[in-house]
Amino acid sequence: MAPQHRKVAVIGSGPAGHTAAIYLARANLEPILFEGLMANGFAPGGQLTTTTDVENYPGFPKGVLGGQLMDLMREQSVNCGTTIETETIAKLDTSSRPFKLWREGTESQEEPTDTADAVIIATGASARRMNLPGEDKYWQNGISACAVCDGAVPIFRNKPLVVIGGGDSAAEEAIYLTKYGSIVHVLVRRDQLRASKVMAKRLLTHPKVKVHFNTSATEAIGDGKLLTAVATINNVTKEAGKIEASGLFYAIGHDPATSLVKGQIELDEEGYIKTVPGSSVTNIPGVFAAGDVQDKRYRQAITSAGSGCMAALDAERYLSELESEIAEGDRK
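What counts and how
Residues numbered from 1 in each chain as written. Predicted model: local features only at pLDDT ≥ 70, side-chain atom pairs only at ≥ 80, totals over all residues. Heavy atoms only, no water. Buried < 20%, exposed > 50% of the residue type's maximum accessible area, 1.4 Å probe, protein only. Helix = DSSP H or I, 4+ residues; strand = E, 2+ residues; numbered from the N terminus. Pairing = 2+ DSSP bridges. Phe/Tyr/Trp six-rings, centres within 6.5 Å; stacked < 30°, edge-to-face > 60°. Lys NZ or Arg CZ within 6 Å of the ring centre and 35° of its normal. Axes fitted to C-alpha atoms, helices over the stretch in contact; angles between N-to-C directions. Disulfide = S-S within 2.5 Å. Contact = heavy atoms within 4.5 Å. Domains from an automatic or database assignment. Buried area = accessible area lost by both parts, 1.4 Å probe. Salt bridge = Lys/Arg side-chain N within 4 Å of Asp/Glu carboxyl O. Polar contact = N/O pair within 3.5 Å; in protein donor to acceptor, adjacent residues only side chain to side chain. Nonpolar A, V, L, I, M, F, W, Y, C, P; charged D, E, K, R; others polar.

Trainee: Whenever I open this one, the pairing of strand S8 (residues 114-121) confuses me. Can you help?
Mentor: Put simply, side chains in a regular strand alternate between the two faces of the sheet. In terms of burial, S8 is largely enclosed, as seven of its eight residues are buried. Bridge count for strand S7 (residues 99-103) against S8 is three bridges, and the pairing is antiparallel. Residue pairing across strands places lysine 100 opposite threonine 115, the latter belonging to S8. Sheet topology places S8 next to strand S19 (residues 287-289); three bridges connect them, and they run parallel. Bridge pairing in S19 links valine 119 to valine 287.

Trainee: Before we go on, may I ask you to explain the packing of aromatic side chains in this structure?
Mentor: We describe a pair of aromatic rings using the distance from one ring centre to the other and the angle between the two ring planes. All chains considered together, the criterion is met by five aromatic pairs. Plain terms: the ring middles of tryptophan 139 and tyrosine 250 are 6.0 Å apart, the flat faces sit at 45° to each other, and that makes the pair tilted. Of this pair, tryptophan 139 sits in the loop between helix H3 (135-138) and strand S10 (143-144) while tyrosine 250 sits in strand S17 (residues 247-250), and the two are 111 residues apart along the sequence. The residue whose ring lies beneath lysine 91 is tryptophan 102, and the NZ or CZ to ring-centre distance is 4.3 Å. The ring of tryptophan 139 has arginine 129 lying over it, and the distance from NZ or CZ to the ring centre is 3.8 Å.

Trainee: Explanation requested: the sheet that holds strand S14 (residues 215-222) in the structure shown.
Mentor: The strands that make up a sheet pair up through hydrogen bonds in the backbone, lying either parallel or antiparallel. The antiparallel open sheet is built from three strands, whose spatial order is S14-S15-S16. Where the open sheet ends on each side, the last strands, each with one partner, are S14 and strand S16 (240-244). Shown here is a sheet whose adjacent strand axes are inclined to one another by a mean of 30°, direction ignored. Looking at chain direction, S14 and strand S15 (residues 227-234) are connected through seven bridges and run antiparallel.

Trainee: Any chance you could explain the state of the cysteines here in plain terms?
Mentor: Each disulfide consists of one covalent bond between the sulfur atoms belonging to two cysteines. Summed over the entire model, instances satisfying the criterion amount to one disulfide. The partner cysteine of cysteine 146 in its disulfide is cysteine 149, sulfur to sulfur 2.1 Å. Taking the sign of the torsion about the S-S bond as the criterion, the disulfide between cysteine 146 and cysteine 149, at about 70°, is right-handed. Using a relative accessible area of 16% as the deciding quantity, one classes cysteine 146 as buried. With no disulfide of its own, cysteine 80 lies 13 Å from the sulfur of cysteine 309, the closest cysteine sulfur.

Trainee: Whenever I open this one, the sheet that holds S17 confuses me. Can you help?
Mentor: Strand order in the open sheet made by the five strands is S10-S17-S11-S12-S13, with parallel pairing throughout. The open sheet terminates on both sides in strands that have one partner only, identified here as S10 and strand S13 (209-212). Relative to S17, strand S11 (residues 160-164) runs parallel, the two sharing four bridges. Bridging from a neighbouring strand, valine 162 pairs with leucine 248 of S17. Taken strand by strand, helix H5 (residues 168-177) contacts S11, strand S12 (183-187) and S17, and its axis lies near 170° from that of S11.

Trainee: I would appreciate a short explanation of the environment of proline 98 in the present structure.
Mentor: One can find proline 98 in the loop between strand S6 (89-93) and S7. Here proline 98 falls in the partly exposed class, since its relative accessible area comes to 31%. Along the chain, proline 98 and valine 153 lie 55 residues apart, while their C-alpha atoms are 46 Å from each other. Once you skip the residues sitting within four places of it in the chain, proline 98 turns out to touch His5, Thr115, Ala116 and Asp117.

Trainee: Mind showing me how you'd approach the domain arrangement of the protein here?
Mentor: Note on interface size: it is often stated as the accessible area lost on association of the parts. Domain boundaries in the protein define domain 1 (4-126 + 254-330) and domain 2 (129-250). With centres defined by C-alpha atoms, the gap from domain 1 to domain 2 works out at 33 Å. At the junction of the two partners, domain 1 supplies eight residues and domain 2 supplies nine residues. Carbon and sulfur atoms supply 39% of the area that domain 1 and domain 2 bury against each other, a total of about 590 Å² over both sides. Sorting the residues of domain 1 by area buried against domain 2 places Thr50, Glu55 and Gln300 first, and these three jointly supply 45% of that buried surface. Connecting domain 1 to domain 2 are zero salt bridges. At the surface where domain 1 touches domain 2, the tally comes to zero residue pairs in polar contact (both at pLDDT 80 or more). For the side of domain 1 that touches domain 2, the residue count by class is no nonpolar, six polar and two charged.

Printed below as a string of structure tokens:
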């Protein structure tokens with residue numbers, strides 16, 4: 001069976017992927033979007049499907065559930081003319097054009113299932129979790145991996161909070177949470193912070209922050225509905241403890257979903273796709289990256305959507321130039 005060819009394929013179904021698809025469809029490029037089937041551990045829609053209330057996405061004055069927001073984006077993609085396939089792309093070959101794509105279960109075959117003149121990678125990233133006892137039960141019921149996303153939620157206001165991590169991200173998240181929590185406990189497993197000197201000083205001198213060195217979390221404790229405390233252990237003395245808390249925030253890093261392009265597209269030292277600053281352009285002409293797979297700083301739904309728009313416009317421009325080159329070659 002001959003591969004299915006499209007001008008442009010979008011891999012990923014978060015805000016970046018759907019925004020790119022909407023722009024491409026409106027440009028009459030008839031995109032195909034592979035939303036994945038539990039790709040990277042998430043249902044179609046990505047990380048937002050695991051969140052509850054989203055209160056900082058424009059256009060929803062009363063907030064919106066993360067899953068509902070992604071359902072609306074998907075519906076808009078379809079209404080604009082995007083073809084959506086609930087399948088995962090397991091293999092991608094960018095060494096020649098058109099680019100070759102293999103759907104999950106077909107990667108051992110020589111012939112690809114799909115080809116495309118341009119590809120937008122919007123596979124996202126996932127927050128590292130600790131798999132503590134009680135974590136699954138209280139995930140999004142007191143446990144979060146994004147202070148900016150969830151810090152203002154009512155259950156955290158004027159309550160003690162806990163942040164795990166010792167780097168700049170942990171310091172930034174802890175200081176951000178002081179606007180909402182009564183006190184922010186920071187658990188650092190070593191005897192010093194990895195954060196820069198400036199951020200470390202801000203954290204250690206903040207009146208609403210208490211840093212616990214040589215301390216690790218051992219369990220998330222709750223009342224059956226919401227988190228109420230975090231069990232700890234001192235890594236030196238082995239003394240067990242407990243911190244009363246309504247919120248537990250992980251700030252131990254993210255893992256970008258780049259296994260599909262490793263060895264083909266240039267990645268940075270942390271595994272994120274490198275793009276030309278101010279664009280979605282990668283080192284492979286015709287391959288573009290959008291969303292958290294290339295953004296390790298902001299990681300917000302709105303910034304992902306914005307980068308999806310950029311990727312679509314970059315891809316549209318690339319395809320237009322490609323058509324002009326082909327037409328010129330035909331004339332010769």
